[in-house]
Amino acid sequence: MPYWDEILGLVATTTDEDGIPDFDRVRRLFLKILSETTGRATILYASAWVQKPTHADQSGISDEDLHALMTVSSGLQTPNVDLILHSPGGAVYSAEAFGLYLRERFQHVRVFVPNLAMSAATMIACLADEVFMGKHSFLGPTDPQIPVYTPSGWRIVAALDVLEQARRARYSTFDPVESASWQAMLNQYGADIVRRSERAVAFAEELTRHWLTNYLLRIDPTAAPDVAQWLSNNEYWRDHGRHIARSTLCNRGVPIGSLEDDDVLQDLVLSVFHATTHTFAGTQVVKIVENHLGRAYMKFENQLAAPTSA
C-alpha cells in the first residue's frame with residue numbers, strides 16, 4: 001500500500017517547470033489508474049476541514065456543489081460511477097440536490113469513504129447502490145443542524161436540541177423562575193425556531209429513509225425506517241460529531257463493503273485520498289470535486305470556486 005508518507009515523497013519529486021510540487025498531477029494520476037482498473041467513471045468529492053478547520057464554513061456541502069458535479073460529470077460516457085467521498089456534511093437541501101442529480105446522471109453508484117463522510121455526507125452515502133469503508137473509515141449522525149442568529153452572533157445548533165429545550169420549557173411552567181429561564185433561552189432563537197426545527201428533523205429523516213429504501217437497503221427496504229431513525233437519534237449518539245464505524249453499521253444491518261477485501265482497490269482509493277490531503281496541506285484549496293479525466297471544480301481559501309482541467 002502506498003502510505004501517506006510515500007505519497008508525500010512522490011509529490012515532492014513530481015514538480016512543475018518552476019520546481020514546485022505538482023499536487024494535481026499526482027492526484028489525477030491515481031484517479032485515472034483507479035478508473036482504468038474498475039472500468040467505471042471516478043469522481044472525487046473532498047473537503048479540507050480537517051487540515052483547515054478555520055475554513056470549515058467554506059468546505060461544507062452547499063449549492064455550488066451541484067454546479068461542481070455537473071461540471072465533472074460532463075463528458076463521462078459510462079453509466080456507472082465511483083464517488084470517493086470525504087466531507088464534514090453541510091446543508092441538507094444542498095445534499096438533496098447533489099444526490100438527486102447524481103442518481104439522475106448515473107445508473108449505478110458506488111461510494112468509497114476513505115476516512116470521514118459525516119452528517120449530510122452520510123445521507124449522500126445512503127443513496128449509493130454500494131458503500132465501501134475501511135477500518136479507518138467513519139460515517140456520522142444525520143440529525144440536522146440549523147443556523148440561528150443569537151445576541152452573541154450566528155450559531156449552528158442541533159434542531160433536536162431546540163425541540164428538547166422547548167419540551168422542557170413546556171413542562172416547567174409550574175415553576176415561574178424555571179419557566180422564565182427557559183423562555184429567555186428560547187427567545188434568543190426567534191419565534192419560529194421550534195417549527196423550523198420540527199421541519200428540519202422530519203425532512204432529514206424522510207430523505208435518509210427514502211434513499212435507503214430505494215438504494216442502499218433496497219434488498220430489504222423494511223429496515224430503512226429503523227436505520228434512518230437510528231442515524232438521526234442524537235440522544236443515542238450524544239454528539240453530532242460521533243464517528244460511526246463500519247462494524248457498527250453492519251451490526252445494525254447496513255450493508256457496508258470492506259475496502260480491505262480488495263488490496264488493489266484499497267491501495268488506489270487511499271492513494272487518491274492521501275494525494276488529496278497533501279493538496280489541501282500544501283495549497284490554498286479547501287474543496288475539490290474532480291473526475292478521472294482531470295476535469296475539476298476547486299474552491300480556494302476565501303475565493304470563489306473555479307473549474308479547471310488537466
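As a reminder, the structure under discussion sits directly above these lines.
Quick caveat, the model's predicted, so the values are computed rather than measured. Residue numbers here run from 1 along each chain, matching the order of that chain's written sequence. pLDDT decides what is reported in this predicted model: residues at 70 or higher carry local features, side-chain atom pairs at 80 or more are listed and counted, and totals for whole chains, interfaces and linings draw on all residues regardless. Calculation of side-chain values draws on the structure's entire complement of heavy atoms; hydrogens and water are dropped beforehand.

Draft legend 1. Seen up close, the sheet that holds strand β6 (residues 138-139). Being paired, for any two strands, means DSSP has found at least two bridges between them. Note on conventions: DSSP H or I runs of at least 4 residues are helices, E runs of at least 2 residues are strands, and numbering of each starts at the N terminus. Strand order across the open sheet formed by three strands is β4-β6-β9, with mixed pairing between neighbours. The open sheet terminates on both sides in strands that have one partner only, identified here as β4 (116-117) and β9 (244-245). Two elements, β4 and β6, share two bridges in a ladder whose sense is parallel. Residue pairing for β6: A117 is matched across the bridge by L139.

Draft legend 2. The packing of helix α5 (residues 92-105) against helix α9 (residues 193-216), seen in detail. Here, axes are lines fitted to C-alpha atoms. For helices the fit covers the stretch in contact, and angles between N-to-C directions go from 0 to 180 degrees. At a closest axis distance of 11 Å, the pairing of α5 and α9 adopts a crossing angle of 20 degrees. As judged from the angle between their axes, α5 and α9 are roughly parallel. Considering how the two elements wind past one another, α5 and α9 form a crossing that is left-handed. Only F203, L207, W211 and Y215 of α9 make contact with α5, whose side of the interface consists of V92, Y93, A95, E96, G99, L100 and R103. Gly counts as polar in this scheme, as do all residues outside two lists: the nonpolar Ala, Val, Leu, Ile, Met, Phe, Trp, Tyr, Cys and Pro, and the charged Asp, Glu, Lys and Arg. Taken together, the residues of the contact of α5 with α9 break down into eight nonpolar, one polar and two charged. Roughly parallel covers angles under 35 degrees, roughly antiparallel covers those over 145, roughly perpendicular covers 65 to 115, and oblique covers all other angles. Helix crossings are classified by the rotation of the near helix relative to the far one: an anticlockwise turn of less than a right angle makes the crossing left-handed, while a clockwise turn makes it right-handed. Contacts are assigned to residue pairs that have any heavy atoms within 4.5 Å of one another.

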